Amino acid sequence: MSLHDRVMPAPDPSSDASPQDLPHAAQVDQALPHALDDPEQWPAFGTQQDGVWVSQLVVDGMHCAACAHTVAQALERLPSVQAQVSAAAQRVQITWDPRLTRPSQWQGVLSPLGYGLRPAFDASLRAQRKRESRRMLWRLLVACLAMMQVMMYAWPEYVAAEDLSAESRHLLRWASWVITLPVMLFSAGPFFSAAWRDIRHRHISMDLPVALGMAITFTVSTLATFNPQGVLGSEVYFDSLTMFVFFLLGGRWLELRLRDRTAGALDALLNRVPQQVWRRCEDLSFERVAVRQLQVGDVLRVHSGEAFAADGLLLQGSTWVDEAILTGESRPLAREPGQGVLAGSHNLGSSVLVCVTQLGADTRYAGIVALMAQAASSKPQLAQLVDRIAKPFLVGVLLAAALAALWWWPSSPGHALMVAAAVLIVTCPCALSLATPVSALTAAGQLARHGVLVNKLSALETLAEVDTVVFDKTGTLSQDHLVIQGIETRAGTTPQQALALAAALAQHALHPVSRALVHAAQAQGLLLPESAQVHEQSGAGLAGLVGTPSQALRLGHAAWCGVPARDALLGQVHLSDAQGWVATFAWGEALREDAKDTVAALAQAGVAVHILSGDQPEAVARLAAQLGITHAQGGCSPQDKLQAVQQLQAAGRRVAMVGDGVNDGPVLAAAHVAIALGQGAVLAQARAPADLVIMGELGGVARALQLARQTRRVVRQNLFWALAYNLACVPLALMGYLPAWLAGLGMAASSLGVVLNAARLNGSRAAAKGV
């Protein structure tokens, strides 16, 4: 083991250290693209499925739907590569075959286009976002100061033009030109860099028309300053230019902050596991090692406030853990020695020792990360449509600006160019490209904080249209054990006395009803009387001597106990003695705690609820009656379930199926929306056909449905606003009634309005309550 691994302190993800300053354990070396070709590095930013790798990366320099289309096209020119790119999340999911391509080739095709790639699980992402926000703020402040100064110099021409001498007017314009230079060279620098990149590589993005608009405005104003008698006239627009840049940067800075808030939910999950941990050595001392060096059986020391790096068993110390983002349980949970802890959960109490039982892809945390990363790089159907039309739309913008300039040129060349600039600026489809993906990502982040993982963002669109929810029974609505739900006794015998006598017999059997009786007695702290000569009659019940003095008792079916059978919704078991009937115990499946509330919330939302189960029809009917569900079918094979869902779909119903994700695979795949409970193979493999995974309470189903409907409303509002803005402003710009500064304000306000509207989903009552 190297000295580096033994003494290197853990990196602070919130620090401002540059990527080069972070230790190798915290990130893949970005200065050496070929380091990504090392197979040992691949698990750090992807997973292997059937010999093919699925890698998650962050794309630097991508700002719009046209950029995302360019990145996807460039990557998919490589052999075996399939790319899913999300401009809103600035992420890409790359599916690739290591026999045909290597990660360094991805950067090789994107670097000439001006884009960079970094592993999505890089610990430096948070610091990188902070630096980016800080640089944007500096550019905004420079534009703000310049705008105020230029407006001060322009004001005399607005209010006292006739009183200004030619020399004073010329001096004020020279001063405005000088002050505008930092805005063009520094504040607007990224727009010109991106536009130049597009021109060099014959691509187009939303920065190109904006940069052209700025360049035209500055050129017209500069020529008017130096040559007022020239063909472009003597009008200057430095105030409009600086105001436009300020509005545009202000909108982008606020948009960046809001999008970072959404990305923070994802990064909080992706970077939840520490990069380095304290491992116990053979001499009982502790050394600082990278997580990738751990092995099953290692003993780790985890301090208060730190996250657990692997699944394990608590060896020493008692503590409280926060598993909210992993299980949906919002309350801290107590953990004692011998109990398990999950990778990604946080230690809220004292320092503890943990023995590693599962690492890497075998942990529950790894399955959750795979699902969340898939969601971040996926796109809703409306967003995919916007991506396809983004480039043709931008080409249309350039043509419209050129035609407007040609139309106005004969009357006034200077005015013609300013009309073209206004058209270029006002028609930039930023708001349209953000309308759907930002809303969907915000909703997915909010659901993740409440224990619902969205595997495909497009599923939110479909879920909003669902009018029928079909539940599996066992493991979904019910738990995997029976409970005693009622006790009826003869006169002179209390329920506690009857339960103690029945449990004394039941403790000798393994039948689920027997275990339920014993558990009920233990839960009430009852002391069981002695029992002897207990024997079991298969299919009937138990008989034996109980108590002191002993009495002969029977426990089981009505015929076995010699009592008349009773009609009841719940199952029944009877207790009798020599005198006859003693007690009847009503038993049933243990419902999930929130099953009734979930069904009620769905019914309140106008959703029909069905049960399809492979269990006995009588058991299914009893559980359906408890929950108030009228559509229930038992004895279903997987094929029966599939046919039932297909019949609902043929009747025009939009169906969501809720199951365990294992034996419900066929029907989950057939449903419009597949919802799986986050247990077992679903997360271990991260390849179930589920669109959503419920990590915590069953109420997540109702919560997801309600938030999906609210997201649909927000998306429609965003699209309406974006389209109305363009339809209203484009004719004004073409007619010359919209100055460049007002066009810039409109464009910035439209984009910011879309993001702010989507941010309302973070405070949604649906997300908080699920009703």
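Predicted model only: the values in this text are computed from it and were never measured. (Residues numbered from 1 in each chain as written. Predicted model: local features only at pLDDT ≥ 70, side-chain atom pairs only at ≥ 80, totals over all residues. Heavy atoms only, no water.)

> Which residues make up the overall build of the protein chain, and what are the values?
Counting its secondary structure elements, the protein chain contains 25 helices and 27 strands. Within the protein chain, buried positions represent 53% of all 771 residues. Counted over contacts in the protein chain with a minimum sequence separation of 6, partners at least 24 positions apart contribute 68%. Summed over all atoms, the accessible surface of the protein chain reaches about 33500 Å², with 57% contributed by carbon and sulfur. (Helix = DSSP H or I, 4+ residues; strand = E, 2+ residues; numbered from the N terminus. Buried < 20%, exposed > 50% of the residue type's maximum accessible area, 1.4 Å probe, protein only. Contact = heavy atoms within 4.5 Å. Areas by Shrake-Rupley, 256 points an atom, 1.4 Å probe, with all protein chains shown as cover.)

> Which residues make up the sheet that holds strand β8 (residues 299-302), and what values go with them?
Across the sheet, six strands lie side by side as β7-β6-β8-β14-β9-β12; this open sheet has antiparallel pairing. Every interior strand has two partners, whereas the edge strands, β7 (286-290) and β12 (340-341), have only one. Pairing of strand β9 (residues 311-316) with β12 involves two bridges; the strand directions are antiparallel. What sits directly across from Leu 313, in β12, is Gly 340. (Pairing = 2+ DSSP bridges.)

> How would you sum up the sheet that holds strand β11 (residues 333-335)? Please name residues and give values.
The strand order across the open sheet formed by three strands is β11-β10-β13, and the pairing between neighbours is antiparallel. The strands lining the two open edges of the sheet, one partner per strand, are β11 and β13 (346-347). Two elements, strand β10 (residues 319-322) and β13, share two bridges in a ladder whose sense is antiparallel. If you follow Asp 322 over to β13, its bridge partner there is His 346.

> Now, about helix α7 (residues 207-226): what can you tell me, with residues and values included?
Over its 20 residues, α7 runs 28 Å from end to end, which matches the ideal 28 Å to within 8%, given 1.5 Å per residue. Counting buried positions over the 20 residues of α7 gives 15, a clear majority of the element. (Expected span 1.5 Å × (residues − 1).)

> Quick one: what's the story with the pairing of strand β16 (residues 468-471), residue by residue and with numbers?
The alternating pattern of β16 places Thr 468 and Val 470 on one face and Val 469 and Phe 471 on the opposite face, and all of these are buried. Alignment of β16 against strand β23 (residues 608-612), held across four bridges, turns out to be parallel. Counted as the bridge partner of Val 470 is His 610 from β23. As paired elements, β16 and strand β25 (residues 655-659) share four bridges and run parallel to each other. Following the sheet pairing, Thr 468 is matched in β25 by Val 655.

> Kindly report on the packing of helix α18 (residues 595-604) against helix α23 (residues 700-734), identifying the contributing residues and their values.
Following both chains from N to C, one finds α18 and α23 inclined at 25 degrees, their axes separated by 8 Å at the closest point. The orientation of α18 with respect to α23, classified from their angle, is roughly parallel. Between α18 and α23, the contacting residues are Thr 598, Ala 601 and Leu 602 on the first element and Val 701, Ala 702 and Leu 705 on the second. Its residues placed into classes, the contact of α18 with α23 shows five nonpolar, one polar and no charged. (Axes fitted to C-alpha atoms, helices over the stretch in contact; angles between N-to-C directions. Parallel < 35°, antiparallel > 145°, perpendicular 65-115°, else oblique. Nonpolar A, V, L, I, M, F, W, Y, C, P; charged D, E, K, R; others polar.)

> Help me get a handle on the packing of helix α5 (residues 166-187) against α7, residues and values and all.
Where α5 contacts α7, the two axes come as close as 10 Å, and the packing angle between them is 150 degrees. Considering the angle they form, α5 stands roughly antiparallel to α7. Here α5 runs over α7; the crossing is left-handed. Counting all contacts with α5, which are made through His 170, Arg 173, Trp 174, Trp 177, Thr 180, Leu 181 and Met 184, the residues of α7 involved are Met 214, Phe 218, Thr 222, Ala 224, Thr 225 and Phe 226. Classifying every residue of the contact of α5 with α7 by side-chain character gives eight nonpolar, four polar and one charged. (Left-handed = near helix turned anticlockwise from the far one by under 90°.)

> Go over the packing of aromatic side chains, please, and point to the residues and values.
By the definition in use, this model includes five aromatic pairs. Residues Trp 96 and Trp 106 carry aromatic rings whose centres are separated by 5.2 Å and whose planes lie at 80 degrees to one another, so their mutual orientation is edge-to-face. With Trp 96 in strand β4 (residues 91-96) and Trp 106 in helix α3 (residues 103-110), this pair connects stretches of sequence that are 10 residues apart. Since its relative accessible area comes to 0%, Trp 96 is described here as buried. Arranged with centres 4.9 Å apart and planes meeting at 75 degrees, the rings of Trp 174 and Phe 226 form a pair that is edge-to-face. Remark: Phe 226 occurs in helix α7 and Trp 174 occurs in helix α5; sequence separation between them is 52 residues. On the accessibility criterion, Trp 174 (33% relative accessible area) is partly exposed. Residue classification places Phe 226 among the partly exposed residues on the basis of a relative accessible area of 40%. Through a chain of ring-to-ring contacts, the aromatic side chains of Trp 174, Trp 177 and Phe 226 assemble into a single cluster. In this structure, Arg 301 is placed above the aromatic ring of Trp 278, and the distance from its NZ or CZ to the ring centre is 5.8 Å. (Phe/Tyr/Trp six-rings, centres within 6.5 Å; stacked < 30°, edge-to-face > 60°. Lys NZ or Arg CZ within 6 Å of the ring centre and 35° of its normal.)

> Could you give an account of the pattern of salt bridges, with specific residues and numbers?
For the structure on display, the rule yields seven salt bridges. Across the salt bridge formed by Glu 287 and Arg 279, the nearest N and O atoms sit 3.0 Å from each other. Of the two residues, Glu 287 and Arg 279, both sit in the buried class. The partner of Asp 577 in a salt bridge is Arg 490, with the nearest N and O atoms 2.6 Å apart. With Asp 577 in strand β21 (residues 571-577) and Arg 490 in the loop between β17 (478-489) and α15 (495-506), this residue pair connects regions lying 87 residues apart in the sequence. (Salt bridge = Lys/Arg side-chain N within 4 Å of Asp/Glu carboxyl O.)

> Which residues make up the confidence of the model for the protein chain, and what values go with them?
When the pLDDT values of the protein chain are averaged, the result is 78; 81% of them are 70 or greater. Residue range residues 680-688 is modelled with pLDDT below 50. Its contacts to residues more than four positions away, or to other chains, number 24 contacts. For residues 765-771, every residue scores under 50 in pLDDT, and the model assigns this stretch 18 contacts once sequence neighbours within four places are set aside. (pLDDT = per-residue confidence, 0-100.)

> Can you explain α5? Please cite residues and give values.
Under the 1.5 Å per step criterion, the end-to-end length of α5 is 31 Å for 22 residues, consistent within 8% with the ideal 32 Å. Remark: the principal bend of α5, roughly 25 degrees, maps to Thr 180, with a proline, Pro 182, within the next four residues. Residues of α5 that are buried include every one of Leu 172, Arg 173, Ser 176, Trp 177, Thr 180, Val 183, Met 184 and Ser 187, and no others. (Bend = angle between axes of the 7 residues up to and from the residue.)

> Explain the side chain of Ser 176 to me, using residue names and the numbers behind them.
Looking at the secondary structure, you find Ser 176 in helix α5. Leave out the neighbours within four places in its chain, and Ser 176 touches Val 150, Tyr 153 and Phe 238.

> Please set out the environment of Gly 580 residue by residue, giving values where relevant.
Within the secondary structure layout, Gly 580 lies in strand β22 (residues 580-591). The spatial distance from the C-alpha of Gly 580 to the C-alpha of Cys 561 is 7.9 Å, given a sequence separation of 19 residues.

> I'd love a proper account of the pairing of strand β19 (residues 541-546), names of residues and values included.
Counting buried positions along β19 yields five of six residues, so the element is predominantly enclosed. Examined bridge by bridge, strand β18 (residues 531-537) and β19 share five bridges and lie antiparallel to one another. Residue pairing for β19: Ser 531 is matched across the bridge by Val 546. Where β18 folds back on β19, the antiparallel hairpin that results is connected by three residues, among which Gly 539 adopts a positive phi of roughly 80 degrees. Two elements, β19 and strand β20 (residues 551-556), share six bridges in a ladder whose sense is antiparallel. Paired with Gly 541 across the bridge in β20 is Gly 556. Joining the antiparallel neighbours β19 and β20 is a turn of four residues, in which Gly 547 adopts a positive phi near 90 degrees.

> Give a description of unusual backbone geometry that names residues and reports values.
In this structure, Ser 80 takes a positive phi of about 70 degrees despite not being glycine. The exposure class of Ser 80 is partly exposed, given its relative accessible area of 31%. Phi at Leu 284 is positive, roughly 70 degrees, even though this residue is not glycine. If you trace the backbone, Leu 284 turns up in the loop between β6 (276-280) and β7.

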